[in-house]
Structures are given as structure tokens and as C-alpha cells.
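Each chain, letter by letter, is given below.
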Amino acid sequence: MSLLHRQLSQRLGVWSWKSRVEASLYPATGFYCRTLCSTTSETVEPIDIHKKKLFLWFSHLPQEEKQFGGYFSPETMHVDPLILERRAEESAGLPSSPLQTQTPSSPPVTVEQLFAHTEAWNAGRGLNVLLYGAVGTGKSTVVRKLVLDWCAGTALTNFKLLVPFSCEDLGQLSKVSSLRDLVSRKYLHLRKHPMLSGEGDQAKDVLFLFNGMEKMKLDFRIGATELCSDPNEGLPPGVVVVNLLRKYLLPEASILVTTRLSALDRIPQKYVSRYAQICGFNDPDRQRAYFTSRLLQQSGETTRNQEAQVLLEQLYYNLQRESQLAAACFLPSYCWLTCATLHFLHFTDANAPIRTLTGIYTSFLRLNFGGEVLGTSTGTKVPIQEQQSSLMLYVVRTVGKLAFDSVTYKRTSFSEKELEQWIGGKTKTDEELRILAMFRTDVLDFFLAPCVESYKYFPEQPSENDERRYVFAVPAMQEYLAALYVVLGENKSALEKLTKQVSVAIGQASEDVNALVSILSKFIPLRIFAVFNLIKLFPKLFEKISSRSKGSIAKTMAAEMFRSEDSYNEDVLDQVEQSLLGVHGPQPQQHSKDHPFELYPIFMGGLLHYGNRVLLQQLGCSIQSNTVAQITRALRKYLVRELSKPQPPEELMDLLVLLYEFQNPRLTAEVLASIRTIRLCNIRMTSLKCFVLSSVLSCTPASYHLEELDLSSCLLTRDLLQMLWPAFRHTHNLNLQFNRLGPESSILLRDLLLDPKSNIRSLQVCDNPLLESGTGTLLEALPENRSLSHLSLMHTGLGEQGALELAHRLQQHTGLQELNVAYNNIGDNAALALVDACREHPSIHTLHLYLNPLSDEGKRSLYVRGVPRSSSGRRVRVLVSVTEGSDISEDWHPILSVIRKNASSWDRQRIQQQLKVFLRDLEWGRQQQQSLWKRLHFRRVEKGVRQTLQMLETHSLPPGTGNSK
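Quick caveat: nothing in here was measured; it's all calculated off a predicted structure.

Trainee: Would you mind showing me how to read the overall build of the protein here?
Mentor: Along the backbone of the protein there are 39 helices and 19 strands. Counting all 965 residues of the protein, 54% fall into the buried class. Within the protein, contacts between residues at least 6 apart in sequence are counted, and of these 79% link residues at least 24 apart.

Structure representation (C-alpha cells):
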């Protein structure tokens with residue numbers, strides 16, 4: 001960092017400019033600089049003041065950047081995109097392939113090199129450099145970094161003064177102003193600066209920067225734009241800019257103009273010294289540098305940085321394979337979207353502000369299309385409404401319509417002819433064709449990219465005669481735009497569109513409808529005049545049709561959410577992650593042609609959230625509150641009806657994501673009121689999914705409780721348990737078996753049992769490595785807990801000493817009814833102590849002790865101890881083996897069932913030895929029987945044990961289902 005940069009950073013704490021900045025100074029499409037009153041001493045040079053203020057303004061991060069935690073600055077996160085100098089006659093456009101990695105035809109250049117003096121340079125004339133690129137290539141980001149580097153003294157050092165302007169801001173000015181007035185309006189401290197006086201050649205050290213030239217209607221015709229060489233003469237802003245580019249006004253000054261591809265011809269070639277095109281990230285290394293600057297800028301936490309490093313390697317590997325993601329990340333904007341999505345999926349913080357996937361995509365579009373309108377060309381006369389037509393709304397009506405129809409018919413790729421049909425449409429007017437041409441040039445490639453895997457899964461189709469196919473750059477964008485198309489009501493029927501138009505027309509005349517009717521009655525016969533009185537009722541008819549339309553949207557959302565024919569068995573969050581990181585390991589053998597589009601209904605719900613509606617309003621896409629209310633009422637009815645049927649864990653997780661994206665506590669509480677069981681077994685729970693589950697359940701009243709929350713085989717850790725704490729408070733039966741809960745997790749479980757707000761009746765922590773220390777910590781909660789009735793510690797490493805401690809503590813908890821300590825390496829002495837403690841306990845009726853190394857004599861003693869001492873006593877069921885002495889145990893089937901369900905994740909050798917012990921017990925018991933019927937019963941049980949043993953030996957057991965007790 002240079003000395004000036006350090007001085008600027010030190011002085012920023014003294015200056016009070018920051019508290020007076022009222023708005024973002026770096027919006028998506030330009031730069032807004034507001035005049036700030038100077039409070040410095042007159043001895044400070046105006047240029048020093050200028051640098052300080054510019055540095056402060058352009059260092060300000062947009063709101064969308066704050067979701068990354070604010071751990072980085074614009075300097076650390078910037079990666080230079082590829083910039084190539086072009087000849088004027090070269091056609092504008094992107095390089096031939098988004099995946100091209102070969103050396104470009106011309107060497108890459110920097111913006112500073114574009115202003116280097118060449119042999120053809122005229123000492124009396126500054127350079128006009130035109131920097132252009134498509135939407136999303138990083139024009140505004142490059143300009144912002146350039147300004148910051150000039151303030152720090154590390155770039156463009158041959159210019160003493162840099163004056164940036166937003167063309168969007170200039171285009172909205174209607175008041176005539178001189179060049180000096182335009183500068184002083186933005187930068188009061190430069191009001192009387194001699195470099196802008198026009199005297200001598202002082203302007204040679206000045207660089208003007210005009211960002212977003214397409215937002216100004218520049219007219220270089222002499223008859224339309226008068227000449228001006230006086231910086232103090234008042235003229236329309238467009239005329240001032242034209243004279244600067246003509247070199248008629250301050251000819252010594254240099255100018256940098258940024259614009260989109262479609263606006264290149266607005267500045268005649270004779271007024272442009274050099275052309276340069278921003279081409280984005282043309283190779284995986286640039287993309288990796290960008291991802292590194294974002295994902296590795298965590299808060300210094302070693303664990304998070306390690307996880308981010310793993311994500312980075314997976315992401316880079318996916319890019320190197322020239323996947324579809326690599327084609328999308330050719331545009332830096334999609335690199336931002338990728339980082340934002342991964343940060344959302346993996347680094348969700350319960351203390352951070354609420355973020356949703358829909359909100360990320362909405363913010364992404366606001367960054368790239370905020371303030372963008374469909375402008376008009378020079379000299380055209382069109383209504384004001386057309387001039388202010390939102391570019392984003394045009395995207396929804398074209399690309400969104402394509403996305404909606406493709407989601408409806410399960411299509412993900414499109415030929416050039418299909419794009420021509422959907423985007424081009426039917427015959428249009430000249431103005432519509434002009435706007436369409438601009439849209440195709442600037443925007444279409446932003447959403448659609450050539451398909452790099454068109455026939456990866458369908459090699460049987462001939463590829464020689466097929467056209468090049470296109471896909472959405474990011475698959476989820478297709479579902480987002482389809483959802484936006486529906487929620488905005490763009491898929492109306494012809495009747496709905498007609499009724500709305502008539503309703504609006506009547507609404508405009510509603511102040512004097514009676515006067516209108518009286519005028520019409522003078523020209524219309526009375527017999528048919530009564531028909532026209534129906535006009536007064538038409539708004540009500542439209543309201544009824546509109547309400548029915550909103551109900552159909554809600555029905556579509558519910559139907560798409562619970563489609564039974566979906567081919568994917570992952571939940572939507574896992575699908576989003578796979579689309580970014582790729583599928584590692586064996587590839588799926590079969591690939592369904594019918595894509596499930598499970599994000600589509602979730603995006604529809606998220607778009608109804610108030611925060612997203614505010615952002616969409618800024619993009620010119622308005623979703624009315626009454627629309628939201630009608631959809632919400634209908635959606636509640638359909639969701640409650642669907643949830644009356646059992647749902648797979650993946651579908652249930654998707655429902656939770658929908659409710660989270662909706663961010664409507666009342667709707668969430670009403671829907672969950674019909675749910676009493678949430679089974680998410682075998683769902684790969686992440687920090688985000690845990691946060692979603694807790695957030696959704698937190699919307700319910702304190703009296704709401706789940707009968708069962710099944711989180712078995714979910715890869716839970718201690719940190720994830722901490723995030724799930726609010727959800728546990730709403731649970732009666734909690735299943736946490738087959739997870740990664742070590743001894744440190746027992747502290748959280750103990751505190752949960754001691755929490756007065758929780759009401760856990762059944763706790764299953766089977767097959768977690770709690771060990772003796774962890775179980776000892778958990779048992780500390782028994783004296784004060786009053787709700788627990790079923791406790792399962794099977795295969796937790798309890799051990800002999802742990803079992804003895806448990807026997808000692810049982811009398812301190814009087815409500816326990818069932819205890820499972822199977823498969824815990826418990827010997828005869830500890831087992832006998834447990835049975836004695838259970839027999840003395842007032843409520844325990846069942847004790848699981850199977851799969852423990854117990855001797856035959858010990859087993860017989862356990863059965864005897866379990867029998868009550870008197871006829872009036874209480875019997876304790878002791879489940880040890882499939883036999884009880886010389887008889888078959890009445891619990892042989894549950895024991896064998898538990899072994900079958902869990903053997904795939906247990907020590908196979910240990911289970912085989914235990915099954916052989918069962919067979920020996922069965923053989924001995926069968927020999928003691930005189931009854932043929934009892935012998936046959938022994939044979940049947942023995943057959944079941946042998947089948948289980950054979951399945952273990954051949955490794956043909958089904959995977960663990962997580963349903964053990």
C-alpha cells in the first residue's frame with residue numbers, strides 16, 4: 001500500500017464525510033456522487049480533498065456485498081477481467097467460445113496502458129478511450145477499482161485530476177449547465193479549479209470518466225448539437241459531453257467512456273482514439289482467483305477456512321472439467337452469484353441477518369439490471385411510458401416466458417430456431433425490432449449460454465445434424481425467471497388480460513361514471529342501454545377472475561412441490577450445491593430426461609416475501625400486496641391438504657425450505673399446525689438446513705410440539721446441534737441416532753434435558769461415539785429432568801463403568817420407562833446391577849441388553865432378576881437374547897429386527913459372533929424341548945438368525961435405515 005493510501009486510510013477516521021453519505025455510491029449501473037460540504041482548512045489542496053472523498057465514496061460496498069460478512073475490502077476482492085484492445089472495424093461481441101483458453105488474437109491490456117502515448121498521439125489533444133462489454137462482464141467494477149487506485153496513487157499517475165460521472169445521473173438532468181457547473185454540482189471542492197478553466201493546456205492532466213454512456217441520448221449532428229468551447233457556457237448535459245468528445249471543449253483532456261455493446265455506434269469512430277473490450281474471465285485461473293478472494297475471506301476461523309478451502313478445490317475441479325458452470329463463470333457476475341450461493345449454503349450464521357436463496361437471485365438481478373431501462377435511439381418520438389419501460393420487465397416477458405414454458409414441459413435446452421420463436425416472436429414494429437436487437441446484443445447472452453453437455457447423457461442421438469443448443473447459464477435461473485413470470489401475472493389468459501384492461505379504463509373514469517353513462521345514453525337506444533350498465537359491475541367480475549387466477553398459482557406451487565414422479569432423491573439445497581460443485585465419485589448410471597424443477601415452486605414462494613418485492617419494485621417489476629394475500633390464502637389450503645399424506649424426507653425438507661423462503665410466520669405456523677411428525681432421516685444436514693428447520697419451527701407458538709423429530713443418519717455434529725436447539729424445544733420424541741456426536745455433544749444434550757422450556761420424552765442417541773465420558777455428562781441431567789421416559793444409549797461406548805454409573809443414577813429419575821444400553825461392551829456384573837436398579841425403579845418396564853458380552857450363566861441370572869419377587873411385584877422385561885433359558889424369548893423378533901437394520905454400520909465380525917451365540921442358544925433350547933410344536937418354533941427362529949448371518953457374510957444387507965430403538 002502506498003504512502004498516500006495509508007494517509008487516506010488514517011484520515012478517514014477524522015473526516016465526518018461518512019456519516020453524511022445518504023445512499024450507495026456504487027449502484028449496479030453507475031456511480032452516484034452527492035455534493036458534500038467541505039469542512040477542511042483552506043490550506044488543503046482541492047485535489048487532496050477530491051481524492052479523499054472519491055476514495056470514501058467508491059470504497060462503499062453495495063448492500064448485496066454485506067452478505068459475505070464484510071470480511072474484505074474492494075482492494076482484496078478485485079480480480080482484473082480480460083481486456084482486449086479492438087480495432088474500430090472489428091465487430092463487437094464476445095470471444096468465440098465462453099470456454100476458450102487459448103491465447104487471444106491481441107495481448108491483454110490494462111486501462112492504464114490504453115492511455116499510454118503512442119507515435120500517433122497529438123500533444124494538444126487528449127485520448128478518447130471507449131471501454132465496452134456485455135452485461136455482467138465487469139465494466140462498473142473495473143471503473144471503481146480504477147478510481148480507487150488513482151486515489152491511492154497506484155494507477156493513472158500521469159493524470160493529476162480524475163472526474164468520474166454517472167451517465168444515468170447526467171441523463172436525468174433537465175437543467176442547462178456548463179461544464180464547470182456539472183463538475184461543481186458533483187464535486188463542490190473543484191468549483192474553481194484552474195485545470196477546468198480552459199486556459200492554456202492545463203486540462204492535459206485531467207481525465208473525465210463517463211460510466212454507462214448508453215443511458216444518455218447523445219447526438220453528434222452539428223444541426224442538433226451546437227458547438228461550445230467555453231467551460232462556463234450553460235448547455236444541456238448531453239451537449240456538453242458531445243463537445244468534450246469532439247475535442248471542441250477542453251481538447252487537451254482525456255476521456256474514458258464505458259458502454260454496452262449495443263451502444264457502440266452512438267459515438268462516431270472519428271471521435272474515439274482507442275477501443276477496448278472487457279471479455280470477462282476467459283480461463284479457470286481467473287475464476288479461481290475470484291473465488292479465492294471471496295470464499296477464503298472468512299473471519300479468521302480455522303474451521304471455516306478449511307471448509308472454504310475444500311469448497312474451493314471442488315469448485316476449481318468442476319471448472320477445469322469445462323462444465324456448464326465454467327461457461328457461466330465466463331461472466332464475473334455469475335462468479336459473484338456462485339460465491340454468494342456457496343456462502344449461503346455453507347456459511348449460514350444464526351447471528352447474521354436472514355438470507356434466502358430467492359433473495360440472492362433477486363439481489364443478483366438488481367446488481368446487474370437496477371435502473372436499466374429500454375431507452376430510445378436519437379430522434380425517435382415514442383411515448384414517455386416506453387422510454388421508462390424496465391429492462392428487467394422486458395427480460396421477464398421474453399426470457400421469463402421461455403423459462404416458464406420450458407419448466408411446464410420439462411425442457412432445459414433450446415435450439416436456435418426455438419430461441420428465435422420465443423425471443424423474437426411474431427412481426428413487430430420498427431421500434432420493437434430495435435429494442436429486440438439491443439436486447440439480443442446486450443442481455444440475451446447474459447442468461448443463455450451454449451450447452452457444453454448437450455449429448456453427454458444421450459449418446460444415442462446423432463449429433464452431426466443437430467443445431468447448437470443453448471441452456472440457461474445457471475440452471476436455477478431458469479426456475480427463478482419462470483417463477484417470476486408466474487407471480488407477476490404474465491401468464492394470464494386472453495380473457496384475464498382483456499378484463500384487466502377494461503377494468504383499468506373504468507377505474508380511470510370512476511370519479512364520474514354516472515356522467516359517462518348519461519352521455520352514452522343520448523347516443524344509444526334505451527333497449528340496449530341496460531347492457532352498458534353492466535360496465536359498473538365489471539371490476540367485481542375482474543376481481544373474481546383475478547382471485548381464481550391467484551388460486552391457480554397457489555395450486556401450481558403445491559402441486560410442483562409434491563410431485564411424485566421426480567427422478568431426483570436429493571433435496572433442492574443438495575441439488576443446488578451439486579450444480580455448482582459437480583458430482584464427485586461414481587456418476588449416475590441413468591439420467592432422466594424429465595428434469596424435476598423442484599426450485600420452481602420454492603422461488604414462487606420466496607418472491608412473495610416483502611423484501612424481495614421491494615427489490616423487484618426497484619427493477620420495475622411490481623407484485624401487489626392483494627396478489628400476495630390471495631396466493632397466500634389459497635396456498636395454505638393446498639399445503640395443509642397435501643401434508644395430510646405421508647411425505648418422503650426429501651420432500652419434507654423442500655417444504656421447510658419453501659416456508660423459510662416465504663418468510664411469512666403466520667402462514668408457516670398455520671401449515672405446521674397440521675404436522676406432528678418431521679422425519680428427515682438420511683438427509684445430509686448442513687448448517688443452512690439446521691438453520692432453516694429451527695427458523696421454521698420458531699414461527700410456531702410455544703404450545704406447539706412435534707410428536708417426533710427424526711434426524712437419524714443426518715451427519716449431525718456438535719455445532720449443528722447448537723443451531724437446532726430452538727427446534728428441539730418443540731419436540732417430544734427426538735431421534736439423533738447414526739450421527740457424529742462425540743463426548744462434547746453430551747454437554748448440549750444435558751443442557752437440553754435440563755432446559756425448562758423443552759419437553760423431551762424420548763431421546764435416542766444410538767450409534768454415536770459418546771463414550772463413557774459423554775454418557776456420564778448426559779446422565780447428569782437425570783436428577784432434575786422430569787419429562788424423559790425413553791432413553792436409548794445403544795452402541796455409544798457406554799462400557800462397564802458407564803453402566804455402573806447409570807445403575808447408580810437411575811433412582812434419581814423416577815419417570816424413565818424404557819432403557820436401551822445394547823451393544824455397549826457391558827459385562828455380567830454391570831448388567832446385573834442395571835437389572836437390579838431397574839427392578840427397584842418405580843416405572844422402568846423394559847431394559848435392552850443384547851449384543852453385550854454376557855456369559856450363559858449371566859443371562860440366566862438376568863432373567864431371574866427380572867422376574868418380580870412376589871406375585872404383586874412388577875416384572876422388568878430384559879432383552880438379552882432370542883432365548884430365555886430353554887424357551888424362546890417373546891422379544892426375539894424386535895432384537896433380530898434391530899440387528900438387521902443396523903448391522904450394515906456396525907462391526908460385522910462382532911455381529912456375526914453374536915448371531916452364532918444366538919444359534920448355539922437356540923440349538924441348546926431346542927434340545928430341551930419335548931413338544932414338537934415348540935421345536936418347530938425354535939426352528940423358525942433359528943432360520944431367521946441363519947438368514948441374517950448369511951446376509952452379513954455375503955454383504956447383502958440393506959443399508960441402515962436409522963429406525964433402531
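Trainee: Whenever I open this one, the pattern of salt bridges confuses me. Can you help?
Mentor: Pairs may arise between side chains of opposite charge once their charged atoms sit close together. Here the structure, examined in full by the defined rule, presents 30 salt bridges. Across the salt bridge formed by Asp574 and Arg684, the nearest N and O atoms sit 2.7 Å from each other. Taken as a pair, Asp574 in helix H23 (residues 572-581) and Arg684 in the loop between strand E10 (677-679) and helix H29 (687-697) lie far apart in primary sequence, 110 residues in all. Take Arg684: its relative accessible area is 28%, and that puts it in the partly exposed class.

Trainee: Before we go on, may I ask you to explain the sheet that holds strand E15 (residues 818-820) in this structure?
Mentor: Strands belonging to one sheet form pairs held by backbone hydrogen bonds; the direction of such a pair is parallel or antiparallel. Strand order in the open sheet formed by eight strands is E10-E11-E12-E13-E14-E15-E16-E17, and the pairing between neighbours is parallel. Both edges of this open sheet fall to E10 and strand E17 (877-879), since each of them pairs with a single strand only. Each adjacent strand pair in this sheet contributes to an overall mean axis angle of 10°, direction not counted. Summarising the sheet, E15 and strand E16 (residues 846-848) pair through three bridges and their orientation is parallel. Paired with Glu818 across the strands is Thr846, a residue of E16.

Trainee: What is the right way to read the sheet that holds strand E8 (residues 448-450) from this model?
Mentor: If you trace the three strands from one edge of the open sheet to the other, you get E7-E9-E8, paired in antiparallel fashion. Whereas interior strands pair on both sides, the edge strands pair on one side only; in this sheet they are strand E7 (413-415) and E8. Across the sheet, the mean angle from the axis of one strand to that of its neighbour is 40°, orientation sign disregarded. Of the pairings in the sheet, the one linking E7 to strand E9 (residues 469-472) comprises three bridges and is antiparallel in character. Bridging from a neighbouring strand, Phe414 pairs with Tyr470 of E9. Where helix H15 (residues 391-408) meets the sheet, its contacts fall on E7, E8 and E9, and the angle it forms with E9 comes to roughly 95°.

Trainee: Can you help me understand the packing of helix H34 (residues 799-809) against helix H35 (residues 828-840) in this one?
Mentor: For any two helices packed against each other, the geometry comes down to the angle between their axes and how far apart the axes lie. The interhelical angle for the contact between H34 and H35, taken along N-to-C directions, is 15°, at an axis separation of 9 Å. When the axis of H34 is compared with that of H35, the two are roughly parallel. The way H34 lies across H35 gives a crossing that is left-handed. Contacts between H34 and H35 involve Glu800, Ala803, Leu804, Leu806 and Ala807 from the first element and Asn829, Ala830, Ala833, Leu834 and Ala837 from the second. Residue composition of the contact of H34 with H35, by class: eight nonpolar, one polar and one charged.

Trainee: I keep staring at the nonpolar core and nothing clicks. Help me out?
Mentor: Note that soluble globular proteins tend to have their nonpolar side chains buried in a common cluster. In terms of nonpolar packing, the biggest core is built from 178 residues, with Phe447, Met477, Leu716, Leu736, Leu834 and Leu849 touching the most fellow members. Element by element, the count of residues in this core is highest for H15, at eleven residues. Other than its neighbours up to four places away in sequence, Phe447 contacts Tyr334, Leu365, Phe369, Val395, Val399, Val471, Phe472, Ala473, Met477 and Leu481. Ranked by size, the runner-up nonpolar core spans 70 residues in total, among them Cys167, Met216, Val242 and Leu261.

Trainee: Where do I start with the pairing of strand E11 (residues 706-710) in this structure?
Mentor: It is a general feature of regular strands that their side chains alternate between the two faces of the sheet. In terms of burial, E11 is a largely internal element, four of the five residues being buried. At this point the chain moves from E10, through H29, to the parallel E11, and the crossover so formed is right-handed. Here E11 runs beside strand E12 (residues 731-735); their pairing, made up of four bridges, is parallel. When the sheet's bridge partners are listed, Leu706 is paired in E12 with Thr731.

Trainee: So what exactly am I meant to see when it comes to the environment of Lys204 here?
Mentor: Mapped onto the elements of the fold, Lys204 is located in the loop between helix H7 (179-186) and strand E4 (206-211). Residues contacting Lys204, with those up to four places away along its chain left out, are Phe159 and Glu252.

Trainee: Got a minute to help me understand the side chain of Ser363 in this structure?
Mentor: Counting through the fold element by element, Ser363 comes out in helix H13 (residues 357-369). Residue Ser363 is classed as buried on the basis of its relative accessible area, which comes to 12%.

Trainee: Is there a simple way to think about the packing of aromatic side chains in this case?
Mentor: Each aromatic ring pair is specified by the distance between its two centres and by the angle formed by the two planes. Applying the stated criterion across every chain, the model contains 22 aromatic pairs. For the pair Tyr480 and Phe603, a centre-to-centre distance of 5.3 Å together with 80° between the ring planes defines the contact as edge-to-face. Pair noted here: Tyr480 is in helix H18 (residues 475-487) and Phe603 is in helix H24 (residues 599-607), with a separation of 123 residues, a long-range link. Take Tyr480 and Phe603: they sit in the same class, and that class is buried. Site record: aromatic cluster; members linked through ring pairs are Tyr334, Trp336, Phe364, Phe369, Phe446 and Phe447. Its guanidinium or amino end placed over the ring of Tyr316, Arg288 lies 4.3 Å from that ring's centre, counting from NZ or CZ. The ring centre of Tyr638 lies 5.1 Å from the NZ or CZ of Lys637, which sits over that ring.

Trainee: So what exactly am I meant to see when it comes to the pairing of E9 here?
Mentor: Two strands pair when backbone bridges link them, and E8 and E9 are joined in this way by three bridges, in the antiparallel orientation. Along E9, the bridge assignment pairs Ala449 with Val471.

Trainee: So what exactly am I meant to see when it comes to helix H37 (residues 892-902) here?
Mentor: Residue pairs three or four apart in sequence face the same way in an α-helix, which turns once every 3.6 residues. Restricting attention to buried positions, one finds in H37 the residues Trp892, Ile895, Leu896, Val898, Ile899 and Asn902. For H37, the buried positions fall inside an angular range of 155° around the axis, keeping them on one side.

Quick notes on the rules
- Residues numbered from 1 in each chain as written.
- Predicted model: local features only at pLDDT ≥ 70, side-chain atom pairs only at ≥ 80, totals over all residues.
- Heavy atoms only, no water.
- Helix = DSSP H or I, 4+ residues; strand = E, 2+ residues; numbered from the N terminus.
- Buried < 20%, exposed > 50% of the residue type's maximum accessible area, 1.4 Å probe, protein only.
- Contact = heavy atoms within 4.5 Å.
- Salt bridge = Lys/Arg side-chain N within 4 Å of Asp/Glu carboxyl O.
- Pairing = 2+ DSSP bridges.
- Axes fitted to C-alpha atoms, helices over the stretch in contact; angles between N-to-C directions.
- Parallel < 35°, antiparallel > 145°, perpendicular 65-115°, else oblique.
- Left-handed = near helix turned anticlockwise from the far one by under 90°.
- Nonpolar A, V, L, I, M, F, W, Y, C, P; charged D, E, K, R; others polar.
- Core = buried A, V, L, I, M, F, W, Y, C linked by side-chain atoms within 4.5 Å.
- Right-handed = clockwise from strand over helix to strand, strands pointing away.
- Phe/Tyr/Trp six-rings, centres within 6.5 Å; stacked < 30°, edge-to-face > 60°.
- Lys NZ or Arg CZ within 6 Å of the ring centre and 35° of its normal.
- Arc of directions from axis to C-beta.

Geometric values such as these leave the question of function open.
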